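What the coordinates show
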Amino acid sequence: MASLSYSFRIGRSTTSTIIRETCEAISSSLQPIVLAKPDRNIWLDIAEGYHEQWQFPNCLGAIDGKHVLMQAPPKSGSRFHNYKGTFSIILLACVDANYKFVLVDIGAEGHNSDGGVFKNSIFGQSLEKGTLDLPCPVEIPGTTKMLPFLFIGDEAFPLKSNLMRPYPGVALSKDKAIFNYCLSRARRCVENAFGIMASRFRIFRKPLVSSFETSTFTVAAAVCLHNFIKSAEEEVPSCERRYCPLDFADNMSPDGYINDGRW
């Protein structure tokens, strides 16, 4: 902000106000377009994407939290101090198979765990109350078993009827190890989405030097712009997209599965 204030010959507090208002305008304008609340048809499209691209049926999204580093707000004590020894706010996100954010919760204090943020978020409470308009259970392809649609997360999240997490432990049976591998492979979508956003907007490579409100609006604007760019990239062939491995097509088998040599 000091550099911007010198470049445009305006006060530092004025620069901060302009940045906050701009980020707020971006997020409020784009949110209804690129981050609207999903309905049942959108949930079905997301599940189809996970099944086709990551071979994980009935998946409605991968959930995880990202610590966005920031300067500790005045008189905040240890509320924003996280387990990494830094200060942060938490971006809790649900991501589809194309690395686009579906639902987000921004602004939780850094000392909270991902599971605690999820429990207290509107997303988590809506899932618990059953008000997300999720599709009805369907048969898993190739079987006659009816299973519900669900979200996937890591060990930080609780196991629920609509939320799946890996089997705990190290010495697992082959079936459990294969399941953990498949779940973790699909769950990488949320990790990749965080990485792509941080690569596009390099401001997240270092702590945000702004107030809590400005930091929250900055993250919200970045999430909306990320979805806006990803939506535009969907019209480009996958081999020409910026964030696509060069050997992605070479690793695909004729039936659409990844040939990584593990199973």
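Residues numbered from 1 in each chain as written. Predicted model: local features only at pLDDT ≥ 70, side-chain atom pairs only at ≥ 80, totals over all residues. Heavy atoms only, no water.

1. Some thoughts on the packing of aromatic side chains
Put simply, the rule reads: Only Phe, Tyr and Trp rings are paired, with Trp represented by its six-membered ring, and only when their centres lie within 6.5 Å; those with planes under 30 degrees apart are stacked, over 60 edge-to-face, the remainder tilted. Segments assigned H or I by DSSP are reported as helices when at least four residues long, segments assigned E as strands when at least two residues long, and all are numbered from the N terminus. Partly exposed describes any residue whose relative accessible area lies between the buried limit of under 20% and the exposed limit of over 50%, with all areas from a 1.4 Å probe on protein chains only and scaled to the type maximum.
Scanning all chains against the criterion turns up 8 aromatic pairs. Centre to centre, the rings of F80 and F212 are 5.7 Å apart; their planes meet at 55°, and the pair counts as tilted. Linking F80 in the loop between β1 (59-69) and β2 (88-95) with F212 in helix α7 (residues 212-233), this pair joins segments that are 132 residues apart in sequence. Assessed through its relative accessible area of 4%, F80 is described here as buried. The class of F212 is partly exposed, set by a relative accessible area of 27%.

2. Some remarks on the UniProt feature "domain: DDE Tnp4" (unreviewed entry) in the protein chain
Applied cut-off: UniProt positions are given in the numbering used here, feature names are shortened, and annotations may be inferred rather than shown by experiment.
According to UniProt, the feature "domain: DDE Tnp4" (unreviewed entry) maps to residues 63-227 in the numbering used here. With 35% helix and 20% strand, residues 63-227 has end C-alpha atoms that lie 16 Å from one another.

3. A short note on the packing of helix α2 (residues 12-34) against α7
Filter applied, for reference: Here an axis means a line fitted to C-alpha atoms, over the contact stretch when the element is a helix, while the angle between two N-to-C directions is reported on a 0 to 180 degree scale. When an angle is under 35 degrees it counts as roughly parallel; over 145 it counts as roughly antiparallel; between 65 and 115 it counts as roughly perpendicular; any other value is oblique. Less than a right angle of anticlockwise turn of the near helix away from the far helix marks a crossing as left-handed, whereas a clockwise turn marks it as right-handed. We call two residues in contact when some of their heavy atoms are within 4.5 Å. Following the grouping adopted for this structure description, the nonpolar residues are Ala, Val, Leu, Ile, Met, Phe, Trp, Tyr, Cys and Pro, the charged ones are Asp, Glu, Lys and Arg, and the polar ones are all others, Gly among them.
Close contact between α2 and α7 brings their axes to 8 Å; oriented N to C, the two are set at 40°. What the angle tells us is that α2 and α7 run oblique. Our pair here, α2 against α7, has a crossing hand that is left-handed. Every residue of α7 that contacts α2 at S16, I19, R20, C23, E24, I26, S27, L30, Q31 and V34 is listed here: E213, T214, F217, T218, A220, A221, C224, L225, N227 and F228. Taken together, the residues that form the contact of α2 with α7 break down as 11 nonpolar, 6 polar and 3 charged.

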